[in-house]
Amino acid sequence: MVEEHFIPKKYTNSIDNGSFTWSSPSNIALVKYWGKKEHQIPENPSISFTLNHCKTTTKVSFSKKEDASGFSFDVFLDNEEKGDFKPKIETFFKRIEVYLPFLKDYHFKIETTNTFPHSSGIASSASGMSALALCLMSIEEEFGTEDYFDDYFIQKASFLARLGSGSACRSLEGDLVVWGKHKDIEGSSDLFGVKYPCQVHSNFKNYQDTILLVDKGEKQVSSTVGHNLMHGHPFAQERFKQANKNLSDIISILKEGDLDAFIALVESEALTLHAMMMTSMPYFILMKPNTLEIINKIWEYRKTSGSKVCFTLDAGANVHVLYPENEATSVLEFIQNELVAYCQNGQYICDVIGLGASKV
Ligand code: PMV
């Protein structure tokens with residue numbers, strides 16, 4: 001599969017206006033994507049759990065314009081016009097125009113809402129960009145093209161989402177998604193995310209993810225800056241090798257249901273991501289003191305209770321607490337008794353792995 005496969009040759013219908021709505025979830029990586037080449041091509045493959053409750057719902061209304069001179073769109077978050085979202089969407093439109101040649105022919109009204117608080121420190125780019133890409137694909141579907149192949153819709157939607165925000169391409173399907181070419185994963189691609197095709201043990205069914213909001217502030221380092229820090233990073237090549245190996249290893253872990261090995265791999269990935277940032281130039285510490293308090297509490301609890309709870313991190317201070325469904329009650333009790341004190345305003349979000357995006 002190459003990029004050119006997503007360039008439509010001709011549309012068969014002409015439509016003046018309409019609207020589509022999609023709801024798309026966030027995702028949390030187990031093996032992390034950190035470092036990219038040109039055109040949002042990842043330096044290493046990654047795999048994530050698709051979430052169920054942390055979602056963005058986006059409605060795109062479109063109407064034909066008189067002239068096709070430039071992009072024309074308005075963006076609303078919770079019914080409020082958001083001028084500051086426009087540059088990111090303009091960049092996105094520029095990147096994808098060759099794949100959706102109708103973009104300059106229409107005016108778009110983009111209305112979006114998140115189920116999670118906007119300033120929670122939970123990135124809305126994965127859910128937001130995937131929901132927008134799906135809406136645009138629904139519009140293209142109306143136009144009709146003769147270029148369809150199997151999985152055209154979902155692959156191209158993921159392909160477009162990737163060009164908006166890399167990890168967004170893992171937010172369309174559930175419940176585990178791989179992005180990035182890997183020798184042991186059939187169908188995997190650098191261009192789009194694919195549903196994890198291998199066997200998954202029942203231990204991972206309805207896996208729980210409680211997100212502890214340690215720091216709800218603006219991201220200290222944007223992911224664009226973060227990915228760039230991997231260029232010329234002294235440990236970059238070893239890191240990319242390690243991610244490839246971790247992806248190979250997680251295949252048997254997921255198949256056997258080996259929770260101890262899962263914990264070791266997932267926590268090591270989280271700390272490695274942060275280690276990459278601490279050892280780049282310039283360097284950053286994205287954890288806060290409370291992030292470390294929580295990690296230590298989780299380790300202590302695991303030791304004394306025999307629980308299979310573990311943590312992972314994104315490029316920020318918030319902690320994702322992951323645990324099997326059969327521990328849902330006990331771990332939530334532990335969180336409420338011992339971890340909530342370290343959350344900003346005591347805030348946390350309970351989620352569970354889910355099935356992916358849906359048309360509304
Ligand atoms: O999608 P981006 O460019 O915002 O990168 C996000 C990367 C991490 O969230 C830190 C890791 C991942 O694989 O999701």
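Residues numbered from 1 in each chain as written. Predicted model: local features only at pLDDT ≥ 70, side-chain atom pairs only at ≥ 80, totals over all residues. Heavy atoms only, no water.

A. Inspection of the overall build of the protein at higher detail. The secondary structure content of the protein amounts to eight helices and 14 strands. The C-alpha radius of gyration of the protein comes to 20 Å, within 12% of the 21 Å expected for a compact globule of 360 residues. Projecting the C-alpha coordinates of the protein onto the three principal axes gives extents of approximately 70 × 45 × 40 Å. Taken over 360 residues, the protein has a buried fraction of 54%. Counting contacts in the protein only where the partners sit at least 6 residues apart, residues at least 24 apart contribute 77% of the total. When the accessible surface of the protein is summed, it comes to about 15,600 Å², and 49% of that surface belongs to carbon and sulfur atoms. Side-chain charges of the protein comprise 35 positive and 46 negative groups, with the mean position of each set lying 2 Å from the other. (Helix = DSSP H or I, 4+ residues; strand = E, 2+ residues; numbered from the N terminus. Rg over C-alpha atoms; globule rule 2.2 N^0.38 Å. Buried < 20%, exposed > 50% of the residue type's maximum accessible area, 1.4 Å probe, protein only. Contact = heavy atoms within 4.5 Å. Areas by Shrake-Rupley, 256 points an atom, 1.4 Å probe, with all protein chains shown as cover. Lys, Arg positive; Asp, Glu negative; His and termini not counted. Charge placed at Lys NZ, Arg CZ, Asp CG, Glu CD.)

B. Region of the structure containing the packing of helix 6 (residues 259-278) against helix 7 (residues 289-305). In the contact formed by helix 6 and helix 7, the axes pass within 14 Å of each other and the chain directions differ by 165°. Between helix 6 and helix 7, the interaxial angle falls into the category roughly antiparallel. For the crossing formed where helix 6 meets helix 7, the hand is left-handed. Every residue of helix 7 that contacts helix 6 at Ile-263, Glu-267 and Leu-271 is listed here: Ile-295, Ile-298, Trp-299 and Arg-302. Among the residues forming the contact of helix 6 with helix 7, the class breakdown is five nonpolar, no polar and two charged. (Axes fitted to C-alpha atoms, helices over the stretch in contact; angles between N-to-C directions. Parallel < 35°, antiparallel > 145°, perpendicular 65-115°, else oblique. Left-handed = near helix turned anticlockwise from the far one by under 90°. Nonpolar A, V, L, I, M, F, W, Y, C, P; charged D, E, K, R; others polar.)

C. Here's a closer look at the side chain of Thr-145. Note on placement: Thr-145 falls in the loop between helix 2 (125-143) and helix 3 (152-164). With relative accessibility at 9%, the residue Thr-145 sits in the buried group. Aside from chain neighbours lying at most four places away, what touches Thr-145 is Lys-10, Tyr-11, Thr-12, Glu-140 and Tyr-152.

D. Just the pattern of salt bridges, in detail. Throughout the structure, instances matching the rule amount to twelve salt bridges. The salt bridge partner of Lys-183 is Asp-184, with a shortest N-O separation of 3.2 Å. (Salt bridge = Lys/Arg side-chain N within 4 Å of Asp/Glu carboxyl O.)

E. Representation of the pairing of strand 4 (residues 46-64). Two strands pair when backbone bridges link them, and strand 1 (residues 17-31) and strand 4 are joined in this way by 13 bridges, in the antiparallel orientation. Counterpart to Asn-27 in the pairing with strand 4 is Thr-50. Summarising the sheet, strand 4 and strand 8 (residues 176-179) pair through four bridges and their orientation is antiparallel. If you follow Ser-48 over to strand 8, its bridge partner there is Val-177. In terms of strand pairing, strand 4 meets strand 7 (residues 106-114) through nine bridges, oriented antiparallel. Bridge pairing in strand 7 places Val-60 opposite Ile-110. (Pairing = 2+ DSSP bridges.)

F. Focus on the site of the ligand. The environment of the ligand is formed by 13 residues, the closest being Tyr-33, Ser-167, Arg-170, Ser-223 and His-227. Contact distances for the ligand include 3.2 Å between an oxygen atom and a side-chain N or O atom of Asp-314. Contact with the protein chains removes 92% of the 380 Å² of surface that the ligand exposes when unbound. Of the residues assigned to the shell around the ligand, the class counts are five nonpolar, five polar and three charged. Counting the residues that make up the shell around the ligand, at least three belong to each of domain 1 (3-199) and domain 2 (206-352). (Near = heavy atom within 4 Å. Polar contact = N/O pair within 3.5 Å; in protein donor to acceptor, adjacent residues only side chain to side chain. Domains from an automatic or database assignment.)

G. View of empty space enclosed by the protein. Enumeration according to the criterion identifies one cavity of 30 Å³ or more in this entry. For the largest cavity, the calculated volume is near 30 Å³. Lining the largest cavity, in full, are Ser-158, Cys-169, Arg-170, Ser-171, Leu-172, Glu-173, Val-177, Gly-193 and Val-194. Its residues assigned to classes, the lining of the largest cavity shows four nonpolar, three polar and two charged. (1 Å grid on protein atoms, 1.4 Å probe; cavity = no way out; pocket = protein on both sides within 12 Å on 5 of 7 lines; lining within 4 Å. Points joined across faces, edges and corners; volume = space filled by probe spheres on them.)

H. Just helix 3, in detail. Taking 1.5 Å of rise per residue, the 13 residues of helix 3 would be expected to cover 18 Å, and the 18 Å separating its terminal C-alpha atoms lies within 8% of that figure. When we look at burial in helix 3, the residues that qualify are Tyr-152, Phe-153, Gln-155, Lys-156, Ala-157, Ser-158, Phe-159, Leu-160, Ala-161, Arg-162, Leu-163 and Gly-164. Where the residues of helix 3 are buried, they touch strand 1, strand 3 (41-42), helix 1 (86-96), helix 2, strand 8 and strand 9 (193-195). (Expected span 1.5 Å × (residues − 1).)

I. Representation of the domain arrangement of the protein in the model. On domain assignment, one finds that the protein holds domain 1 (3-199) and domain 2 (206-352). Contact residues are listed per partner, giving 36 residues for domain 1 and 43 residues for domain 2. Summed over both partners, the interface of domain 1 with domain 2 buries about 3,300 Å², with 68% contributed by carbon and sulfur atoms. Taken together, the links from domain 1 to domain 2 amount to zero salt bridges. There are 13 residue pairs in polar contact (both at pLDDT 80 or more) connecting domain 1 and domain 2. Mapped by element, the contributors of at least two residues to the side of domain 1 that touches domain 2 are strand 1, strand 4 and strand 8. Among the elements that make up the side of domain 1 that touches domain 2, the one with the highest residue count is strand 4 (eight residues). Split into classes, the residues belonging to the side of domain 1 that touches domain 2 amount to 19 nonpolar, eleven polar and six charged. (Buried area = accessible area lost by both parts, 1.4 Å probe.)

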